[in-house]
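Structural overview
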Amino acid sequence: MERSMEKIRVEGLYKIFGPNPQKAMRLLGQGADKESVHEKTGMTVGVDNASFSIEAGEIFVIMGLSGSGKSTIVRLLNRLIEPTAGKVFVDGQDVTAMSHDELVTFRLHNMSMVFQSFALMPHLNVLDNAAFGLELAGVGREQRYDRARESLAQVGLAGWEESYPRELSGGMQQRVGLARGLAVDPDILLMDEAFSALDPLIRTEMQDELVKLQEEQKRTIVFISHDLDEALRIGDRIAIMEGGRVVQVGTPEEILQNPADDYVRAFFRGVDPTGVISAGDIARDSYPTVIKSKQGSLRAVHEIISGSDRDYAYILDTKRRFLGVVSADSIGECMERGAADAPIDQAFIEGAQTVNATDNMQVILPLVASRHYPVPVVDDEGRYRGVVSKNRFLRTLHRTEQEMADSV
């Protein structure tokens, strides 16, 4: 994804549950961990010195095992739980310094939360459940119903407005919960294990629905999950938590290729790297490139290839958009025909194909395996990013699999 401005910044955030949190804080400052603090004080470390930032418009997944602090940290973002220490900034505004009234207004207009439990009111129909947050915010009946209908349509529930929760499946009830969160049109959507209670098939459908909505609206979404497959499926970036600490933050590709420690490595054990690592991650600008000009000379390009100890060169325009591939042999054949001054296009290898930088290794494998030249990688505008060779592909696969084997 293209990164934009910072939306949320967390600085040195702590949460201690217990009667004397400062005592626990002192122990943490002396190097104690969550377990030893509990043994010595009986208090529980929920979050331990968490610092990270979340970009506007990304799906940021926070994951970890039970008790790692992931659900606590999402409630610290909107102060459903008060922090023991640290700061949370949203658009540069310090949420931890807000008064009660400021915080209520902030929650109503800037953040919505979708929980694991559907939390629908059984005596209200679908429309009223979806409009409930707007009613709390004091939005007029007609306006809140219009917005609730729009949000229900976004999650595929148009026509179900007059139904009651008991008449809906679990997946449909969760869609109502999501619609309620969307109806207030928040900048930030907090989702705490929102799909965990759903059957696997419905859960996958809801994940797809969320990604589709995100493509259309580009909200900032903080998604809590304990499911690695879910995190890989929807997350732009992932934060891994252990014992209240944020151990690592990065894209799925970054974490898979460079796990911070054995805990993270074990978390990713068994993940098929070809479904996570993208062409852009493994592309290398290791072959000669030539900017095509009106005076382009086959002989000059041949000299460039010969001097590079490579068999191929990649021809680009002045904006570095990919045009074609040439080889020493294809140029040699043109020169043998007496066409040394012909346009470089004459030597292009026929049928050369590119892959997109966002394509994963599974997608590009057939092309990489079937081409005798390294496959060119381009971005969405067709700009050249480098190449993926068979050797590079296999070395990446071997290194990742070896790391996984070493962690067993």
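As a starting point, this report considers the structure included with it. Predicted model, so just to flag it, every value in this text is computed and none were measured. (Residues numbered from 1 in each chain as written. Predicted model: local features only at pLDDT ≥ 70, side-chain atom pairs only at ≥ 80, totals over all residues. Heavy atoms only, no water.)

With respect to the side chain of S112
When you line up the elements, S112 lands in strand β6 (residues 111-114). Owing to a relative accessible area of 9%, S112 belongs among the buried residues under this scheme. With residues up to four places along the chain from it excluded, the contact list for S112 reads G181, V184, P186, I188, L189 and L190. (Helix = DSSP H or I, 4+ residues; strand = E, 2+ residues; numbered from the N terminus. Buried < 20%, exposed > 50% of the residue type's maximum accessible area, 1.4 Å probe, protein only. Contact = heavy atoms within 4.5 Å.)

A look at the sheet that holds strand β14 (residues 355-356)
The sheet built from three strands is open, its strands ordered β14-β15-β16 with mixed pairing. The sheet is open, and its two edges are formed by β14 and β16 (384-388), each paired on a single side. In terms of strand pairing, β14 meets strand β15 (residues 375-378) through two bridges, oriented parallel. Note on β15: the bridge partner recorded for V355 is V377. (Pairing = 2+ DSSP bridges.)

Concerning helix α1 (residues 21-29)
If you check which residues of α1 are buried, you get A24, M25, L27 and L28. Taken around the axis of α1, the buried residues stretch over an arc of 160°, which confines them to a single face. Facing away from the buried side of α1 by more than 90 degrees, the exposed set consists of R26 and G29. Residues of α1 that are buried make contact with β1 (6-17), α2 (34-41), β2 (44-55) and β4 (85-90). Where α1 ends, the next residue or the one after it, G31, has phi of about 100°, a positive value. (Arc of directions from axis to C-beta.)

Describing the packing of α1 against α2
For the pair α1 and α2, the least separation of the axes is 10 Å and the interaxial angle reads 135°. Classified by the angle between their axes, α1 and α2 sit oblique to one another. For the element pair α1 and α2, the recorded crossing hand is right-handed. From α1, K23, A24, L27 and L28 reach across to α2, where they touch V37, K40 and T41. Tallied by class, the residues present in the contact of α1 with α2 amount to four nonpolar, one polar and two charged. (Axes fitted to C-alpha atoms, helices over the stretch in contact; angles between N-to-C directions. Parallel < 35°, antiparallel > 145°, perpendicular 65-115°, else oblique. Left-handed = near helix turned anticlockwise from the far one by under 90°. Nonpolar A, V, L, I, M, F, W, Y, C, P; charged D, E, K, R; others polar.)

Details of a negative patch on the surface
Together, D309, D311, D329, E333 and E336 line one region of the surface with negative charge. Looking at the secondary structure, you find D309 in the loop between α14 (298-308) and β12 (312-316). In this structure D309 comes out as exposed when scored by relative accessible area, which is 74%. (Patch = residues over 30% accessible without salt bridge, like charges linked within 9 Å, V, L, I, M, F, W, Y side chains within 5 Å. Areas by Shrake-Rupley, 256 points an atom, 1.4 Å probe, with all protein chains shown as cover. Salt bridge = Lys/Arg side-chain N within 4 Å of Asp/Glu carboxyl O. Lys, Arg positive; Asp, Glu negative; His and termini not counted. Charge placed at Lys NZ, Arg CZ, Asp CG, Glu CD.)

A closer look at the sheet that holds β1
Ordered by their spatial adjacency, four strands build an open sheet running β2-β1-β4-β5, and the pairing between neighbours is antiparallel. Both outer strands of the open sheet, β2 and β5 (93-94), are each paired with one neighbouring strand and no more. Of the pairings in the sheet, the one linking β1 to β2 comprises eight bridges and is antiparallel in character. When the sheet's bridge partners are listed, K15 is paired in β2 with V47. Sheet contacts for α1: β1, β2 and β4; angle to β1, the most-contacted strand, approximately 105°.

Notes on the pattern of salt bridges
By the definition in use, this model includes 21 salt bridges. Across the pair D192 and R75 runs a salt bridge whose closest N-O atoms are separated by 2.4 Å. Note that D192 is positioned in strand β7 (residues 188-192) and R75 in helix α3 (residues 70-77), a separation of 117 residues in sequence. One exposure class covers both D192 and R75, and it is buried. Here D146 makes a salt bridge to R149, at a shortest N to O gap of 4.0 Å. In this pair, D146 and R149 are both assigned in helix α7 (residues 141-154), three residues apart and thus about one turn of the helix distant. On the basis of relative accessibility, which here comes to 45%, the residue D146 falls in the partly exposed class. One connected set of salt bridges, linked through shared partners, spans E6, R9 and E11.

Some words on the pairing of β7
For a regular strand, side-chain orientation follows a simple rule: the groups alternate between the two sheet faces. Taking burial as the measure, the five residues of β7 include five buried ones, the bulk of the element. Two elements, β6 and β7, share four bridges in a ladder whose sense is parallel. Bridge assignment links M111 to a residue of β7, and that residue is I188. Note that the unit made of β7, helix α9 (residues 200-217) and strand β8 (residues 220-225) has a crossover that is right-handed. (Right-handed = clockwise from strand over helix to strand, strands pointing away.)

Quick word on the packing of helix α8 (residues 170-183) against α9
α9 packs onto α8 with a crossing angle of 25° between their chain directions and a minimal axis gap of 11 Å. As the angle between them shows, α8 and α9 are arranged roughly parallel. Of the two elements, α8 crosses α9, and the hand of that crossing is right-handed. Of the residues in α9, those in contact with G171, Q174, R175, L178 and L182 of α8 are I202, E205, M206, E209, L213 and Q217. Of the residues belonging to the contact of α8 with α9, the class tally is five nonpolar, three polar and three charged.

Some points on the pairing of strand β13 (residues 322-327)
For β13, the buried fraction is high: five of the six residues fall into the buried class. Pairing of β12 with β13 involves five bridges; the strand directions are antiparallel. Within β13, the position partnered with Y312 by the bridge is S327.

Section: unusual backbone geometry
Backbone geometry places N49, a non-glycine residue, at a positive phi of 55°. Looking at the secondary structure, you find N49 in strand β2. Phi is positive for R320, close to 65°, though the residue is something other than glycine. Checked against the element boundaries, R320 lands in the loop between β12 and β13. Since its relative accessible area comes to 32%, R320 is described here as partly exposed.

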